[in-house]
Amino acid sequence: MNAIIFGITGQDGSHLADLLLEKDYEVLGVSRRCSTDNTQRIKHLNNHERFTLIEGDITDASSVLNVLNYYDHVDEVYNLAAQSHVGTSFKQPGLTWDITGKGCLNILQSIVDLDKFNTRFYQASSSEMFGSSYDINRSGEKYQDENTQLLPNSPYAIAKCAAHYAVRLYRDAYKLHASAGILFNHEGPRRGDNFVTQKIVKWIANFKKWITNNNAELSCCTTDDEHIYYQDISFPKLRLGNLEAFRDWGYAGDYVEAMWLMLQQNEPEDYVICTGETHTIAEFLDISFNYAELPEWRQYIYIDPEFYRPSEVDYLRGDCSKAKSKLQWSPKYNLEGLVKLMLDAQLQN
(Lines give C-alpha, C1' and ligand atoms only; values in the text may rest on other atoms or scores of the structure.)
Protein backbone atom coordinates (compact mmCIF):
# COMPACT_ATOMS: atom_id res chain seq x y z
CA MET A 1 0.00 0.00 0.00
CA ASN A 2 1.13 3.55 -0.69
CA ALA A 3 -0.18 6.90 0.48
CA ILE A 4 0.37 10.55 -0.34
CA ILE A 5 0.09 13.11 2.46
CA PHE A 6 -0.35 16.77 1.51
CA GLY A 7 0.58 18.89 4.52
CA ILE A 8 3.15 16.42 5.84
CA THR A 9 5.06 19.01 7.91
CA GLY A 10 2.09 19.91 10.11
CA GLN A 11 1.04 18.35 13.39
CA ASP A 12 -1.46 15.94 11.82
CA GLY A 13 0.75 15.11 8.86
CA SER A 14 3.60 13.97 11.07
CA HIS A 15 1.33 11.84 13.26
CA LEU A 16 -0.35 10.30 10.21
CA ALA A 17 3.00 9.47 8.62
CA ASP A 18 4.04 7.67 11.81
CA LEU A 19 0.81 5.67 11.80
CA LEU A 20 0.98 4.66 8.13
CA LEU A 21 4.64 3.67 8.35
CA GLU A 22 3.80 1.47 11.33
CA LYS A 23 1.27 -0.21 9.04
CA ASP A 24 3.96 -0.86 6.39
CA TYR A 25 2.80 1.79 3.89
CA GLU A 26 5.06 3.53 1.44
CA VAL A 27 4.53 7.21 2.34
CA LEU A 28 5.10 10.22 0.08
CA GLY A 29 5.03 13.46 2.04
CA VAL A 30 4.34 16.71 0.19
CA SER A 31 5.67 19.98 1.54
CA ARG A 32 5.44 23.44 0.05
CA ARG A 33 8.86 24.97 -0.57
CA CYS A 34 9.90 27.34 2.19
CA SER A 35 13.06 29.41 2.60
CA THR A 36 13.31 28.28 6.22
CA ASP A 37 13.32 24.70 7.47
CA ASN A 38 9.76 23.63 8.33
CA THR A 39 10.42 19.89 8.66
CA GLN A 40 11.09 19.74 12.41
CA ARG A 41 8.12 17.47 13.11
CA ILE A 42 9.26 14.84 10.59
CA LYS A 43 13.04 14.88 11.09
CA HIS A 44 12.82 11.48 12.76
CA LEU A 45 11.64 10.09 9.40
CA ASN A 46 14.57 11.42 7.34
CA ASN A 47 16.26 8.04 6.94
CA HIS A 48 13.17 5.86 6.89
CA GLU A 49 13.36 3.55 3.88
CA ARG A 50 9.62 3.82 3.13
CA PHE A 51 9.29 7.59 3.52
CA THR A 52 9.96 10.16 0.81
CA LEU A 53 9.63 13.94 1.10
CA ILE A 54 9.04 16.03 -2.01
CA GLU A 55 8.11 19.63 -2.77
CA GLY A 56 4.66 20.47 -4.02
CA ASP A 57 2.03 23.19 -3.89
CA ILE A 58 -1.69 22.36 -3.77
CA THR A 59 -2.56 25.85 -5.04
CA ASP A 60 -0.84 24.91 -8.33
CA ALA A 61 -2.87 22.34 -10.31
CA SER A 62 0.14 21.24 -12.39
CA SER A 63 2.13 20.62 -9.22
CA VAL A 64 -0.67 18.46 -7.84
CA LEU A 65 -0.80 16.45 -11.07
CA ASN A 66 2.94 15.80 -10.84
CA VAL A 67 2.65 14.65 -7.24
CA LEU A 68 -0.20 12.24 -8.01
CA ASN A 69 1.85 10.77 -10.87
CA TYR A 70 4.68 9.84 -8.48
CA TYR A 71 3.13 6.38 -8.07
CA ASP A 72 1.66 4.44 -11.03
CA HIS A 73 -1.15 3.47 -8.69
CA VAL A 74 -2.11 5.60 -5.69
CA ASP A 75 -3.93 3.78 -2.90
CA GLU A 76 -4.70 6.68 -0.56
CA VAL A 77 -4.40 10.48 -0.62
CA TYR A 78 -4.74 12.57 2.54
CA ASN A 79 -5.22 16.32 2.27
CA LEU A 80 -4.10 17.90 5.54
CA ALA A 81 -2.63 21.02 3.93
CA ALA A 82 -4.20 24.30 4.97
CA GLN A 83 -3.65 27.80 6.23
CA SER A 84 -5.16 26.56 9.46
CA HIS A 85 -4.96 29.48 11.88
CA VAL A 86 -8.39 31.09 12.20
CA GLY A 87 -7.07 34.46 13.37
CA THR A 88 -4.63 34.65 10.46
CA SER A 89 -7.44 33.92 8.01
CA PHE A 90 -9.03 37.29 8.81
CA LYS A 91 -5.76 39.01 7.91
CA GLN A 92 -4.99 36.84 4.85
CA PRO A 93 -8.36 35.66 3.50
CA GLY A 94 -7.17 35.29 -0.10
CA LEU A 95 -4.22 33.09 0.80
CA THR A 96 -6.43 31.05 3.13
CA TRP A 97 -8.93 30.50 0.31
CA ASP A 98 -6.27 29.43 -2.18
CA ILE A 99 -4.68 26.88 0.14
CA THR A 100 -7.59 25.65 2.24
CA GLY A 101 -10.39 25.76 -0.33
CA LYS A 102 -8.94 25.71 -3.82
CA GLY A 103 -6.21 23.25 -2.84
CA CYS A 104 -8.70 20.50 -2.07
CA LEU A 105 -10.48 21.08 -5.38
CA ASN A 106 -7.16 20.81 -7.25
CA ILE A 107 -6.49 17.39 -5.72
CA LEU A 108 -9.99 16.06 -6.41
CA GLN A 109 -9.96 17.26 -10.03
CA SER A 110 -6.47 15.83 -10.56
CA ILE A 111 -7.62 12.41 -9.35
CA VAL A 112 -10.39 12.57 -11.96
CA ASP A 113 -8.17 13.92 -14.75
CA LEU A 114 -5.61 11.16 -14.18
CA ASP A 115 -8.31 8.46 -14.09
CA LYS A 116 -7.20 7.37 -10.63
CA PHE A 117 -10.74 6.41 -9.66
CA ASN A 118 -9.56 3.63 -7.36
CA THR A 119 -7.65 6.11 -5.21
CA ARG A 120 -9.22 6.76 -1.83
CA PHE A 121 -9.22 10.38 -0.67
CA TYR A 122 -9.42 11.97 2.77
CA GLN A 123 -10.17 15.64 3.37
CA ALA A 124 -9.49 17.34 6.69
CA SER A 125 -12.66 19.28 7.43
CA SER A 126 -13.06 21.32 10.60
CA SER A 127 -15.52 21.94 13.42
CA GLU A 128 -15.02 25.66 12.70
CA MET A 129 -17.44 25.11 9.78
CA PHE A 130 -20.31 24.97 12.29
CA GLY A 131 -19.65 28.51 13.48
CA SER A 132 -22.56 29.66 15.63
CA SER A 133 -24.71 26.66 14.70
CA TYR A 134 -25.56 23.80 17.03
CA ASP A 135 -28.34 21.34 17.83
CA ILE A 136 -29.83 20.58 21.25
CA ASN A 137 -30.38 17.06 22.58
CA ARG A 138 -33.14 15.83 24.88
CA SER A 139 -31.09 16.76 27.93
CA GLY A 140 -30.88 20.36 26.73
CA GLU A 141 -27.18 20.08 25.82
CA LYS A 142 -25.76 21.78 22.75
CA TYR A 143 -23.83 19.64 20.27
CA GLN A 144 -22.73 19.34 16.64
CA ASP A 145 -22.78 16.19 14.52
CA GLU A 146 -22.74 15.28 10.82
CA ASN A 147 -26.25 16.70 10.33
CA THR A 148 -25.77 20.06 12.07
CA GLN A 149 -26.12 23.07 9.78
CA LEU A 150 -22.85 24.68 8.70
CA LEU A 151 -22.63 28.40 9.50
CA PRO A 152 -18.98 29.49 9.10
CA ASN A 153 -17.72 32.49 11.08
CA SER A 154 -14.30 33.07 9.50
CA PRO A 155 -12.54 33.04 6.11
CA TYR A 156 -10.86 29.81 7.24
CA ALA A 157 -14.20 28.17 7.98
CA ILE A 158 -15.68 29.36 4.67
CA ALA A 159 -12.75 27.81 2.78
CA LYS A 160 -13.15 24.58 4.74
CA CYS A 161 -16.88 24.50 3.91
CA ALA A 162 -16.10 24.88 0.19
CA ALA A 163 -13.64 21.98 0.37
CA HIS A 164 -16.11 19.89 2.37
CA TYR A 165 -18.86 20.36 -0.21
CA ALA A 166 -16.37 19.63 -3.01
CA VAL A 167 -15.72 16.22 -1.44
CA ARG A 168 -19.44 15.46 -1.45
CA LEU A 169 -19.80 16.63 -5.06
CA TYR A 170 -16.91 14.53 -6.38
CA ARG A 171 -18.09 11.55 -4.36
CA ASP A 172 -21.55 11.77 -5.90
CA ALA A 173 -20.61 12.89 -9.41
CA TYR A 174 -17.56 10.67 -10.02
CA LYS A 175 -18.16 7.89 -7.47
CA LEU A 176 -14.83 8.61 -5.80
CA HIS A 177 -14.10 7.01 -2.46
CA ALA A 178 -13.79 10.45 -0.86
CA SER A 179 -14.45 11.05 2.83
CA ALA A 180 -14.17 14.09 5.07
CA GLY A 181 -13.37 14.05 8.75
CA ILE A 182 -14.99 16.93 10.62
CA LEU A 183 -12.33 17.17 13.28
CA PHE A 184 -12.87 19.19 16.42
CA ASN A 185 -9.88 20.91 18.04
CA HIS A 186 -7.02 18.46 18.39
CA GLU A 187 -3.74 19.28 20.05
CA GLY A 188 -0.54 17.70 21.28
CA PRO A 189 3.19 18.28 21.77
CA ARG A 190 3.60 18.86 18.01
CA ARG A 191 1.05 21.69 17.91
CA GLY A 192 2.24 25.01 16.45
CA ASP A 193 3.27 27.74 18.86
CA ASN A 194 0.66 30.19 17.57
CA PHE A 195 -2.25 28.01 18.73
CA VAL A 196 -3.63 28.89 22.15
CA THR A 197 -3.11 25.51 23.84
CA GLN A 198 0.56 25.26 22.89
CA LYS A 199 1.02 28.94 23.66
CA ILE A 200 -0.23 28.34 27.21
CA VAL A 201 1.87 25.27 28.00
CA LYS A 202 5.00 26.76 26.43
CA TRP A 203 4.58 29.95 28.50
CA ILE A 204 4.21 27.87 31.66
CA ALA A 205 7.39 25.91 30.91
CA ASN A 206 9.34 29.13 30.21
CA PHE A 207 7.94 30.79 33.35
CA LYS A 208 8.99 27.87 35.53
CA LYS A 209 12.45 28.01 33.96
CA TRP A 210 12.61 31.76 34.72
CA ILE A 211 11.63 31.09 38.34
CA THR A 212 14.31 28.40 38.70
CA ASN A 213 17.10 30.33 36.98
CA ASN A 214 16.49 33.42 39.11
CA ASN A 215 15.69 31.65 42.39
CA ALA A 216 12.51 33.70 42.33
CA GLU A 217 9.97 33.39 45.14
CA LEU A 218 6.46 33.73 43.73
CA SER A 219 5.18 35.17 46.97
CA CYS A 220 7.63 38.05 46.52
CA CYS A 221 6.77 38.74 42.87
CA THR A 222 4.84 41.83 41.83
CA THR A 223 2.97 42.54 38.60
CA ASP A 224 1.77 45.36 36.42
CA ASP A 225 -0.53 45.09 33.39
CA GLU A 226 1.97 43.26 31.19
CA HIS A 227 4.88 41.95 33.31
CA ILE A 228 5.80 39.90 36.36
CA TYR A 229 8.67 41.26 38.49
CA TYR A 230 11.08 39.69 40.93
CA GLN A 231 13.51 42.23 42.34
CA ASP A 232 15.04 43.93 39.27
CA ILE A 233 14.14 41.28 36.67
CA SER A 234 10.88 40.79 34.75
CA PHE A 235 8.98 38.19 32.76
CA PRO A 236 6.18 38.97 30.27
CA LYS A 237 2.67 37.95 31.18
CA LEU A 238 0.81 35.38 29.11
CA ARG A 239 -1.10 37.34 26.46
CA LEU A 240 -4.48 35.85 25.55
CA GLY A 241 -7.81 36.88 24.07
CA ASN A 242 -11.29 35.45 24.74
CA LEU A 243 -11.10 33.01 27.65
CA GLU A 244 -14.77 32.00 27.59
CA ALA A 245 -14.94 30.26 24.20
CA PHE A 246 -15.96 26.60 24.59
CA ARG A 247 -13.92 24.01 22.68
CA ASP A 248 -13.93 20.24 22.33
CA TRP A 249 -10.22 19.37 22.68
CA GLY A 250 -8.69 16.00 21.81
CA TYR A 251 -5.28 14.52 21.02
CA ALA A 252 -4.05 14.67 17.42
CA GLY A 253 -2.42 11.26 17.71
CA ASP A 254 -5.86 9.74 18.36
CA TYR A 255 -7.52 11.61 15.53
CA VAL A 256 -5.21 10.49 12.71
CA GLU A 257 -6.26 6.92 13.44
CA ALA A 258 -9.83 7.95 12.61
CA MET A 259 -8.63 9.42 9.30
CA TRP A 260 -7.09 6.10 8.33
CA LEU A 261 -10.16 4.13 9.42
CA MET A 262 -12.39 6.23 7.15
CA LEU A 263 -10.45 5.11 4.10
CA GLN A 264 -10.70 1.45 5.11
CA GLN A 265 -14.51 1.46 4.92
CA ASN A 266 -16.37 -0.06 1.99
CA GLU A 267 -18.37 3.13 1.47
CA PRO A 268 -17.08 6.72 1.74
CA GLU A 269 -18.82 8.94 4.29
CA ASP A 270 -18.19 12.01 6.42
CA TYR A 271 -17.56 11.67 10.15
CA VAL A 272 -17.37 13.97 13.17
CA ILE A 273 -14.26 13.23 15.26
CA CYS A 274 -14.23 14.65 18.79
CA THR A 275 -14.23 13.82 22.51
CA GLY A 276 -17.82 14.84 23.23
CA GLU A 277 -16.67 17.18 26.02
CA THR A 278 -16.42 20.95 25.92
CA HIS A 279 -14.29 23.26 28.06
CA THR A 280 -13.40 26.94 28.13
CA ILE A 281 -9.89 28.29 27.71
CA ALA A 282 -10.18 29.37 31.35
CA GLU A 283 -10.67 25.71 32.29
CA PHE A 284 -7.63 24.78 30.20
CA LEU A 285 -5.67 27.33 32.23
CA ASP A 286 -7.00 25.91 35.50
CA ILE A 287 -5.82 22.39 34.63
CA SER A 288 -2.49 23.56 33.21
CA PHE A 289 -1.49 25.80 36.13
CA ASN A 290 -2.60 23.22 38.67
CA TYR A 291 -0.58 20.45 37.00
CA ALA A 292 2.47 22.74 36.84
CA GLU A 293 2.01 23.53 40.56
CA LEU A 294 1.66 27.25 39.94
CA PRO A 295 -0.64 29.69 41.78
CA GLU A 296 -3.96 30.88 40.40
CA TRP A 297 -3.40 32.01 36.82
CA ARG A 298 -5.38 35.26 36.65
CA GLN A 299 -2.54 37.35 38.08
CA TYR A 300 -0.26 36.15 35.27
CA ILE A 301 -2.57 36.83 32.31
CA TYR A 302 -2.80 39.92 30.11
CA ILE A 303 -5.98 40.10 28.03
CA ASP A 304 -4.87 41.53 24.71
CA PRO A 305 -7.56 42.88 22.33
CA GLU A 306 -5.30 41.91 19.43
CA PHE A 307 -6.22 38.27 19.98
CA TYR A 308 -9.97 38.78 19.70
CA ARG A 309 -11.44 37.66 16.38
CA PRO A 310 -13.83 39.90 14.41
CA SER A 311 -16.35 37.05 14.61
CA GLU A 312 -16.03 34.43 17.35
CA VAL A 313 -17.19 30.82 17.54
CA ASP A 314 -18.53 30.59 21.08
CA TYR A 315 -19.43 26.93 21.52
CA LEU A 316 -18.15 23.67 20.05
CA ARG A 317 -19.00 20.22 21.38
CA GLY A 318 -19.08 17.27 19.03
CA ASP A 319 -21.05 14.06 18.96
CA CYS A 320 -18.98 11.26 17.43
CA SER A 321 -21.58 8.50 17.82
CA LYS A 322 -21.31 7.67 14.11
CA ALA A 323 -17.53 7.23 14.29
CA LYS A 324 -17.84 5.07 17.40
CA SER A 325 -20.46 2.88 15.72
CA LYS A 326 -19.14 2.57 12.16
CA LEU A 327 -15.39 3.04 12.62
CA GLN A 328 -15.14 1.48 16.07
CA TRP A 329 -13.14 4.57 17.02
CA SER A 330 -13.09 6.47 20.30
CA PRO A 331 -10.69 9.03 21.78
CA LYS A 332 -8.09 7.85 24.29
CA TYR A 333 -7.29 11.24 25.86
CA ASN A 334 -9.57 13.61 27.76
CA LEU A 335 -8.59 17.23 28.39
CA GLU A 336 -6.68 16.54 31.60
CA GLY A 337 -4.65 13.80 29.91
CA LEU A 338 -3.99 16.05 26.93
CA VAL A 339 -2.74 18.90 29.13
CA LYS A 340 -0.38 16.55 30.98
CA LEU A 341 0.95 15.19 27.69
CA MET A 342 1.65 18.68 26.33
CA LEU A 343 3.08 20.10 29.53
CA ASP A 344 5.35 17.12 30.16
CA ALA A 345 6.80 17.55 26.66
CA GLN A 346 7.45 21.26 27.22
CA LEU A 347 8.86 20.84 30.71
CA GLN A 348 11.23 18.10 29.53
CA ASN A 349 12.44 20.36 26.71
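Before reading further, recall that the structure is shown in the block above.
Keep in mind the model is a prediction, meaning the values are calculated, not measured. The residue numbers shown here count from 1 along each chain, following its written sequence. Per-residue local features are limited, in this predicted model, to residues with pLDDT of at least 70; the limit for side-chain atom pairs, both in listing and counting, is 80 or more; totals at the level of whole chains, interfaces and linings are taken over all residues. Side-chain descriptors were evaluated using all non-hydrogen atoms of the structure, hydrogens and water having been removed beforehand.

A.B. asks: Quick one: what's the story with the nonpolar core, residue by residue and with numbers?
C.D. replies: Generally speaking, soluble globular proteins have nonpolar side chains that are buried together. In terms of nonpolar packing, the biggest core is built from 42 residues, with Ile5, Leu20, Tyr78, Tyr122, Ile273 and Trp329 touching the most fellow members. Counting from the N terminus, the helices are the DSSP runs of H or I reaching at least four residues and the strands are the DSSP runs of E reaching at least two. Looking at this core, the elements with two or more residues in it are β1 (2-6), α1 (11-22), β5 (120-126), β8 (177-183), α7 (252-262), β16 (271-273) and α9 (321-327). Here this core takes 7 residues from α7, the largest share from any one element. By the convention used here, residues are in contact when the closest approach between their heavy atoms is within 4.5 Å. Setting aside anything within four residues of it in sequence, one finds tyrosine 122 in contact with Val77, Tyr78, Asn79, Leu80, Ser179, Ala180, Gly181, Leu183, Met259, Met262 and Leu263. Only buried residues count toward a nonpolar core. Its members are Ala, Val, Leu, Ile, Met, Phe, Trp, Tyr and Cys residues joined through side-chain atoms within 4.5 Å. Type-normalised accessible area, obtained with a 1.4 Å probe on protein chains alone, sets the label of each residue: buried when under 20%, exposed when over 50%, and partly exposed for intermediate values. Tyr230, Leu285, Ala292 and Tyr300 belong to the second largest nonpolar core, which has 32 residues in total.

A.B. asks: How would you sum up the packing of aromatic side chains? Please name residues and give values.
C.D. replies: Here a pair means two rings of Phe, Tyr or Trp (six-membered ring of Trp) with centres within 6.5 Å. Their orientation is stacked below 30 degrees between planes, edge-to-face above 60, and tilted elsewhere. Under the criterion given, the structure shown has 18 aromatic pairs. Measuring from centroid to centroid gives 5.2 Å for phenylalanine 207 and tyrosine 300, while their planes differ by 50°, and the two rings are tilted. Taken together, the residues phenylalanine 207 in helix α6 (residues 196-213) and tyrosine 300 in the loop between α8 (281-291) and β18 (301-303) connect sequence positions 93 residues apart. The ring of tyrosine 315 carries lysine 142 above its face, with NZ or CZ at 5.1 Å from the centroid. Positioned above the aromatic ring of phenylalanine 195 is the side chain of arginine 191, whose terminal nitrogen or guanidinium carbon lies 3.7 Å from the ring centre. Distance and angle both matter: a charge sits over a ring if NZ of Lys or CZ of Arg is within 6 Å of the ring centre and within 35 degrees of the ring normal.

A.B. asks: Can you lay out the sheet that holds β16 for me, pointing to particular residues and giving the numbers?
C.D. replies: Here, a strand pair is defined by DSSP locating no fewer than two bridges between the strands. Read across the open sheet, the 7 strands follow the order β3-β2-β1-β4-β5-β8-β16; overall the sheet is parallel. In the strand order of this sheet, the two ends are held by β3 (51-55) and β16, each with one partner. Here the average twist between neighbouring strands, direction ignored, is 20°. Bridge count for β8 against β16 is 3 bridges, and the pairing is parallel. Following the sheet pairing, glycine 181 is matched in β16 by tyrosine 271. On top of the sheet, helix α4 (residues 93-113) reaches β1, β4 (76-79) and β5; it is set at about 165° to β5, its chief contact. Contacts from helix α5 (residues 155-174) reach β5 and β8 within the one sheet, and its direction differs from that of β5 by about 150°. Fitting a line to C-alpha atoms yields each axis, with helices limited to the stretch in contact; the angle taken between N-to-C directions then spans 0 to 180 degrees.

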